[in-house]
Amino acid sequence: MDFITSYINQYGYVVLFLALMLELLALPLPGELLMGYAGVLAFQGHLSWVGSILVAGTGSMVGMTIAYGVGYKLGTPFFDKYGKTLHMGPDRIERMSKWFSVHGNKLLIIAYFLPVIRHITGYFSGITRLPFRTYALYAYSGSFLWVTTFITLGKLLGPQWEQFHHYSIKKYFVIGMIVAVSLFAAIYIYKKFKVTIKKIAINSLKWIVNAFHTRKRAGLVFIFTALVTLGFILLMVGMTQDFIANEFGDFNKITSLLITALFNKDWNVPMWVFFMLGSRQVLIALIFFTLVWILWKGRDKKIELLSLIVVAGGGELYEESLRRIFHHFSPIRKSLIEHLSYTFPSEQSLMAFVIYGFAVFMLVRHSKGLWVPTLAPIAAILILLLIAISRLYLSIQYPSDIAAGYVFGGVWLGLNVLLLETFRLMKSINL
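This report concerns the structure included in the present document.

Rules used in this analysis
- Residues numbered from 1 in each chain as written.
- Predicted model: local features only at pLDDT ≥ 70, side-chain atom pairs only at ≥ 80, totals over all residues.
- Heavy atoms only, no water.
- Salt bridge = Lys/Arg side-chain N within 4 Å of Asp/Glu carboxyl O.
- Helix = DSSP H or I, 4+ residues; strand = E, 2+ residues; numbered from the N terminus.
- Buried < 20%, exposed > 50% of the residue type's maximum accessible area, 1.4 Å probe, protein only.
- Patch = residues over 30% accessible without salt bridge, like charges linked within 9 Å, V, L, I, M, F, W, Y side chains within 5 Å.
- Areas by Shrake-Rupley, 256 points an atom, 1.4 Å probe, with all protein chains shown as cover.
- Contact = heavy atoms within 4.5 Å.
- Axes fitted to C-alpha atoms, helices over the stretch in contact; angles between N-to-C directions.
- Parallel < 35°, antiparallel > 145°, perpendicular 65-115°, else oblique.
- Left-handed = near helix turned anticlockwise from the far one by under 90°.
- Nonpolar A, V, L, I, M, F, W, Y, C, P; charged D, E, K, R; others polar.

Quick look at the pattern of salt bridges
According to the stated counting rule, one finds three salt bridges in the structure shown. Measuring nitrogen to oxygen at the nearest pair gives 3.6 Å for the salt bridge that ties E316 to R280. On the criterion of sequence distance, the pair formed by E316 in helix α15 (residues 301-329) and R280 in helix α14 (residues 280-297) is long-range, its members being 36 residues apart. Taking the shortest distance from any N to any O, the salt bridge between R365 and E421 comes out at 3.1 Å. With a gap of 56 residues between them, R365 in helix α17 (residues 347-365) and E421 in helix α19 (residues 399-430) connect regions that are remote in the sequence. Of the two residues, R365 and E421, neither departs from the other in class, the shared state being buried. Each of the salt bridges in this network shares a partner with another, and the network as a whole consists of R280, E316 and E347.

What to know about a nonpolar patch on the surface
Taken together, the side chains of V14, L18, L22 and L27 make up a nonpolar region of the molecular surface, amounting to roughly 310 Å² of accessible area. In this structure V14 comes out as exposed when scored by relative accessible area, which is 52%.

Remarks on the environment of V282
Topologically, V282 is positioned in helix α14. What makes V282 partly exposed here is its relative accessible area of 28%. In the structure, V282 is positioned 70 residues away from A352 in sequence and 9.4 Å away in space, judged by C-alpha atoms. The residues touching V282, leaving out its near neighbours within four places in the chain, are M276, L277 and Y356.

As for the packing of α14 against α17
Between α14 and α17, the shortest axis-to-axis distance is 10 Å and the interhelical angle comes to 20 degrees. Judged on the interaxial angle alone, α17 and α14 are roughly parallel. α14 and α17 meet at a crossing whose hand is left-handed. In this structure, α14 uses R280, V282, L283, L286, I287, F289, T290, W293 and I294 to contact α17, whose residues at the interface are E347, M351, A352, I355, Y356, F358, A359, M362 and L363. Residue composition of the contact of α14 with α17, by class: 15 nonpolar, one polar and two charged.

Below, the structure written as structure tokens:
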């Protein structure tokens, strides 16, 4: 790898163009690594960021065009003759060709981010006679999306890029790609089955609302809550192990760098507004709102009010106990003042998740329409995300502390909701 980067330092755009072209002709070259390094050079001013994207994108476009031409020339006769040896007989080729003609254009966009897959899509597009205009539209668009992502990532991280590229960037980018691919698949499915999905969504929302208000179906709500709580518990165990093993260093550095790169000084005022959404004053106001809502709409007022007291008051004792436990097991010895300033998990994040979550649960539990059960959880998730970003922007807490606060808060909230619904079910049985 060192000799390639030295060539980039010396010849710049020429090496970047040739490397990307050859990599997409299935030569074993580290494309992502080269683009990330080009981004670092752009950060240092040795290369142009826009120029690097244009050169790398053009190189990958040329490589994909050549691959398409080779596949087009080989065609099905090659597989008719040698396909059985490769377990790709005429029948399988025909089935794959039909599938590729329908879905291949979508695959071309995301294939660049998948090693091995990106090396065969160009050839197979030509073999299956995918119309070149369609191929070019999706393949070239995907090409520039691919190179822009990695070159920009290298530019954002700058000198820190080399420290993380061997392990951390690959690890977290794979997670990001899984999310991106899932989102892409969801958009495609929605467009294809839009009418059906809308009907199912409306019927499902009506069923959920009815389930919340029907005691016979309350057991299903209990099961769903139990599964979600179990998921939070598993995350909690994993994060505890990572904390003890001191494995949050790279995650904290990368996340902080990205927040710094994405949000400049112009965001200072909005970030303070977002920060206040998680302040003690706002959380107390939210507790008061939940109290009023229970008194107005609640069916089992005594049980729900007691649950609110346990969730809020017990949450304070819960986070204090966690702080003491993790202070004891911390792999890095710090002073008590430092641990009180940077807790794991974050006290503020934990309580924000618990109080916002319980308020939304009560709101949905006693709302008969469709809009509130739909919009309230989305609004809460957005607010919690903004609170987290503001804390990172203002350098108040570590990313791992905030993430752990939400996860541990999810466990506390889930257990209390389960306890509340258990009492509710027992009361209905006794009646």
